[in-house]
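Observations on the model geometry
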Amino acid sequence: MSRTDDQPADLHPDIAATLAGIPGGVVVDARHAVWPELGMSVDVPADDDKAVGSCATGNVCAFSGTGLSGTRVSWSTCGTYAPGITVRSIANARSAGYAQARTSAGSVLATAIAGSSANVSGSVADVRCVS
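Here is what the cut-offs are and how they apply
- Residues numbered from 1 in each chain as written.
- Predicted model: local features only at pLDDT ≥ 70, side-chain atom pairs only at ≥ 80, totals over all residues.
- Heavy atoms only, no water.
- pLDDT = per-residue confidence, 0-100.
- Helix = DSSP H or I, 4+ residues; strand = E, 2+ residues; numbered from the N terminus.
- Contact = heavy atoms within 4.5 Å.
- Disulfide = S-S within 2.5 Å.
- Buried < 20%, exposed > 50% of the residue type's maximum accessible area, 1.4 Å probe, protein only.
- Pairing = 2+ DSSP bridges.
- Arc of directions from axis to C-beta.
- Core = buried A, V, L, I, M, F, W, Y, C linked by side-chain atoms within 4.5 Å.
- Axes fitted to C-alpha atoms, helices over the stretch in contact; angles between N-to-C directions.
- Salt bridge = Lys/Arg side-chain N within 4 Å of Asp/Glu carboxyl O.

Details of the confidence of the model for the protein chain
Residues of the protein chain with pLDDT of at least 70 account for 88%, and the chain-wide mean is 87. Within the protein chain, no element has a lower average pLDDT than strand 3 (residues 40-43), which sits at 88, and none a higher one than strand 8 (residues 98-102), at 97. Here residues 48-52 is modelled with pLDDT under 50, and outside its nearest four sequence neighbours on either side it reaches ten contacts, counting other chains as well.

Quick notes on the state of the cysteines
Inspection of every chain in the model, using the stated rule, returns two disulfides. Two residues share a disulfide in this structure: cysteine 55 and cysteine 61, whose sulfurs sit 1.9 Å from each other. Residues cysteine 55 and cysteine 61 are joined through a disulfide that is right-handed, its torsion about the S-S bond being 80 degrees. As far as the burial class goes, cysteine 55 and cysteine 61 line up, both buried.

Some points on the sheet that holds strand 9 (residues 108-113)
Pairing is antiparallel in the open sheet, where four strands are placed in the order 6-11-8-9. In this open sheet, the two edge strands, each paired with only one partner strand, are strand 6 (80-81) and strand 9.

Points about helix 1 (residues 13-21)
Along helix 1, the positions that sit buried rather than exposed are Ile15, Ala16, Thr18 and Leu19. Viewed along the axis of helix 1, the buried residues span an arc of 165 degrees, placing them on a single side of the element. Residues of helix 1 that are exposed and angled more than 90 degrees away from the buried face: Pro13 and Gly21. The elements touched by buried residues of helix 1 are strand 1 (26-29), strand 2 (32-35) and strand 3.

With respect to the nonpolar core
Core analysis: the biggest nonpolar cluster contains 27 residues, and Trp75 and Ile90 have the highest contact counts within it. Elements supplying a minimum of two residues to this core: helix 1, strand 2, strand 3, strand 4 (60-65), strand 5 (69-75), strand 8, strand 9 and strand 11 (126-130). With three residues, helix 1 is the single largest residue contributor to this core. If near-sequence neighbours (up to four positions away) are discounted, tryptophan 75 is found in contact with Leu38, Gly39, Met40, Gly58, Asn59, Val60, Cys61, Ala62, Tyr81, Ala82, Pro83 and Val127.

As for the sheet that holds strand 7 (residues 89-92)
Across a sheet, strands are paired by hydrogen bonds formed along the backbone, either parallel or antiparallel in direction. Spatially, 1-2-3-5-4-7-10 is the arrangement adopted by the seven strands of the open sheet, whose pairing is antiparallel. Two strands bound the open sheet, and with one partner strand each, they are strand 1 and strand 10 (116-119). Taking each pair of neighbouring strands and ignoring which way they run, the sheet shows an average axis angle of 20 degrees. Inspection of the sheet shows strand 7 paired to strand 10 by four bridges, in the antiparallel sense. Looking across to strand 10, one finds that alanine 91 is bridged to serine 117. Strands in contact with helix 1 are strand 1, strand 2, strand 3 and strand 5; relative to strand 2, the strand with the most contacts, it is inclined by about 20 degrees.

Re the pattern of salt bridges
Evaluation of the coordinates by the stated rule reveals two salt bridges. With a shortest N-O distance of 2.9 Å, arginine 72 and aspartate 43 are connected by a salt bridge. Of this pair, arginine 72 sits in strand 5 while aspartate 43 sits in strand 3; the two residues are 29 residues apart in sequence, bridging distant segments of the chain. Classification of aspartate 43 as buried rests on a relative accessible area of 15%.

Here's what the structure looks like:
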């Protein structure tokens, strides 16, 4: 995706790729974008702060690094979403249900029950939250 005049010149490549892959995103700044209709956000940590930490209470998150590190995509609404990034870990900060990282064929690569996280190996097509 090419940069538009209303996007920061230093837009992070993960933000640009996610905007290109998932319509409806709004750039907050060079390292943050939101999709209001999906209840989704993407946050890229600063280079000197690679650990994003845990997923906010009530959300399901996908991370580009193992152990909940790297770029974070989070959803406040339970559903099935294409994260728009390479996923290496997931977190389920909801009080019930589970989150799954799945392939394009629907095979489960990793599951995180309520209040937990999981590392992922393989190619993730979507993250599904089940209440």
